[in-house]
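# An overview of the molecular structure
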There are 2 protein chains.
Amino acid sequence: MKIVAAKKILKANDQLAEENRERFTSAGIFGVNIVGSPGSGKTTLLEALFVRLKGRAKPAVIEGDIAGSIDAERIDAMGIPVVQINTEGACHLDANMIAAAARDLDLEGVDLLVVENVGNLVCTAGFDLGEHLRIVVLSVPEGDDKLAKYPAIFQGSDALVITKIDLLPYIKFDVDRVIGDMVRLAPQAEIFQVAAIKGEGMDSLAEWLARKCHAGKRTADNPAPDHS
Amino acid sequence: MKIVAAKKILKANDQLAEENRERFTSAGIFGVNIVGSPGSGKTTLLEALFVRLKGRAKPAVIEGDIAGSIDAERIDAMGIPVVQINTEGACHLDANMIAAAARDLDLEGVDLLVVENVGNLVCTAGFDLGEHLRIVVLSVPEGDDKLAKYPAIFQGSDALVITKIDLLPYIKFDVDRVIGDMVRLAPQAEIFQVAAIKGEGMDSLAEWLARKCHAGKRTADNPAPDHS
């Protein structure tokens, strides 16, 4: 029987994540880690983003799921390089999985590597993947109490994207409460409100991400942000 | 540094769960473990259920959350005995936590103990709490692909409750696909469709749960179901 210490795993993960980040940075690739609940709309957000980033960024995607390849097929259908990681039970991706998946991707010309993490508001919070930016997605139907209940994942994120705002007329959801909680937890974070399928708010999110991506490339020799 | 083996933890959990189940059974208490994504509507479902179970069952609740006591306060406001477990980062409850929380509850006269697990479609799947029945909640806004992507949690459940069906007119969600996936994963499971706040479908769910609860008490000396 193999005995594994959680502390050691996390330390090893942080080292691997740092190596990933250095590798991405020196290759001119900006890494984004997308986290959120199952069904919060992460893949739909990516589809809507990639349409708007055409000509401004060349993306590739790593999809993380417990099982199946539903999300990867959606990205593949857009002609975007994608690798699916099946965690087979694990509730988050880790830096080692990202290093392996990145080797399987054709990153020629790619300047934006988006990782869609396993749908989870808990486990994903503790694992730096080597990204430059972490975006947390919260959908209106999930409710406005999620920042109070799952603070860590929001605290460690660089941006909050509130999705499915077209459902606001049908659901009790206090946007101001969510914004207030996010400002308290992560004062530096950007906050966006979008309806990805209808397109509302997507242009400014795409604009911001393109700017971040290009700024990231220009400052490739600056120290990377610390998510640990 | 403490070194802990995952296999040992799971084995110890199964033993503790069995002890919980025996204790509940011999006390005439029917245990239900409610699992589902963050924001799938677990607490709202409980509120709608308890109103309908009045006079037919005397419930108590154990609430599991990473942080805070938002859900417990909602149950407490209904005059129902409730204990909040804060897992402080852990993505699921375990049998040991349930044993401790049950000691803190006034279970005098209680015949239905409902555990609302941490919002998570992954981690909660592997941990038997000692319940007699596991109900998995899937809300319409989460999407109809969740059974394909998180099969384990659905496979191990005795019932699927599809919540927020009043949002079906506004969201692409193929109910037949979900039902088909559930029948494949868990042929014995019951499937319900509800809109908890508006009340749609709640009466038959409450009726079913009351029947299960009373049948559970009648067959207290029968062997408990194996969720491991």
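Residues numbered from 1 in each chain as written. Chains lettered and ligands numbered in written order. Predicted model: local features only at pLDDT ≥ 70, side-chain atom pairs only at ≥ 80, totals over all residues.

Along chain A, the regular secondary structure elements total 8 helices and 7 strands. Expressed along its principal axes, the backbone C-alpha trace of chain A runs to roughly 50 × 45 × 35 Å. Relative to its full complement of 228 residues, chain A shows a buried share of 50%. Residue pairs at least 24 apart in sequence account for 76% of intrachain contacts in chain A once pairs closer than 6 positions are excluded. (Helix = DSSP H or I, 4+ residues; strand = E, 2+ residues; numbered from the N terminus. Buried ≥ 20, exposed ≤ 12 C-beta atoms within 10 Å, placed from the backbone. Contact = placed C-beta atoms within 7 Å.)

Residues and elements named next belong to chain A. Burial runs high along strand S5 (residues 133-139): 7 of the 7 residues are buried. Because side chains alternate across S5, one face comprises the buried residues Leu133, Ile135, Val137 and Ser139, and the other comprises Arg134, Val136 and Leu138, equally buried. Examined bridge by bridge, strand S1 (residues 30-36) and S5 share 5 bridges and lie parallel to one another. Pairing of Asn33 across the sheet is with Arg134, part of S5. Inspection of the sheet shows S5 paired to strand S6 (residues 159-163) by 5 bridges, in the parallel sense. If you follow Leu138 over to S6, its bridge partner there is Ile162. (Pairing = 2+ DSSP bridges.)

This brings us to the confidence of the model for chain A. As a note on interpretation, predicted positions should not be read in detail where pLDDT is low. This prediction gives chain A a mean pLDDT of 91; 90% of its residues lie at or above 70. We note a pTM of 0.84 for the whole complex and an ipTM of 0.76 for its interfaces. (pLDDT = per-residue confidence, 0-100.)

The relation between the two copies of this chain is a rotation about an axis and a shift parallel to it. Taken as rigid bodies, chain B and chain A are interconverted by a rotation of 180° and an axial shift of 0.0 Å, the fit giving an RMSD of 0.0 Å. The operation mapping one copy onto its partner corresponds to a two-fold rotation axis. Of the residues that chain B buries at the interface, 100% are likewise interface residues in chain A, meaning the two copies contact each other through the same surface. (Least-squares fit on C-alpha atoms with pLDDT ≥ 70 in both.)

Positive phi is not limited to glycine here, since Lys164 of chain A has a value of about 60°. Structurally, Lys164 of chain A is set in the loop between S6 and helix H7 (175-185). Judged by the 29 C-beta atoms lying within 10 Å of it, Lys164 of chain A falls in the buried class. With phi around 50°, Glu88 of chain B is a residue other than glycine that occupies positive phi space. When you line up the elements, Glu88 of chain B lands in the loop between strand S3 (82-86) and helix H4 (95-104). Accessibility expressed as a C-beta count within 10 Å gives 9 for Glu88 of chain B, which makes it exposed.

Residues and elements named next belong to chain B. Pairing within the open sheet is parallel, and its 7 strands lie in the order S3-S2-S4-S1-S5-S6-S7. The open sheet is flanked by S3 and strand S7 (190-193), the only strands paired with a single partner. With strand direction ignored, the average angle separating the axes of adjacent strands in the sheet is 20°. In the sheet, strand S6 (residues 159-163) pairs with S7 via 4 bridges, with the strands oriented parallel. Residue pairing across strands places Ile162 opposite Gln193, the latter belonging to S7. Sheet contacts for helix H2 (residues 42-53): strand S1 (30-36), strand S2 (59-65), strand S4 (112-116), strand S5 (133-139) and S6; angle to S4, the most-contacted strand, approximately 165°. Docked against the sheet, H4 engages S2, S3 and S4, running at close to 145° with respect to S3. (Axes fitted to C-alpha atoms, helices over the stretch in contact; angles between N-to-C directions.)

Turning to helix H2 (residues 42-53) of chain A, a few remarks are in order. Residue and element names in this part refer to chain A. In this model H2 runs 16 Å from its N-terminal to its C-terminal C-alpha over 12 residues, within 8% of the 16 Å that 1.5 Å per residue would give. Regarding H2, the residues found buried are Lys42, Thr43, Thr44, Leu45, Leu46, Ala48 and Leu49. Following H2 by one or two positions, Gly55 has its phi on the positive side, about 85°. (Expected span 1.5 Å × (residues − 1).)

Attention shifts here to the interface of chain B and chain A. Contacts between the two partners involve 34 residues from chain B and, on the opposite side, 34 residues from chain A. For the side of chain B that touches chain A, the secondary-structure elements that each account for two or more residues are helix H5 (146-149) and helix H6 (151-155) of chain B. Here the element with the most residues in the side of chain B that touches chain A is H5 of chain B; it accounts for 3 residues.

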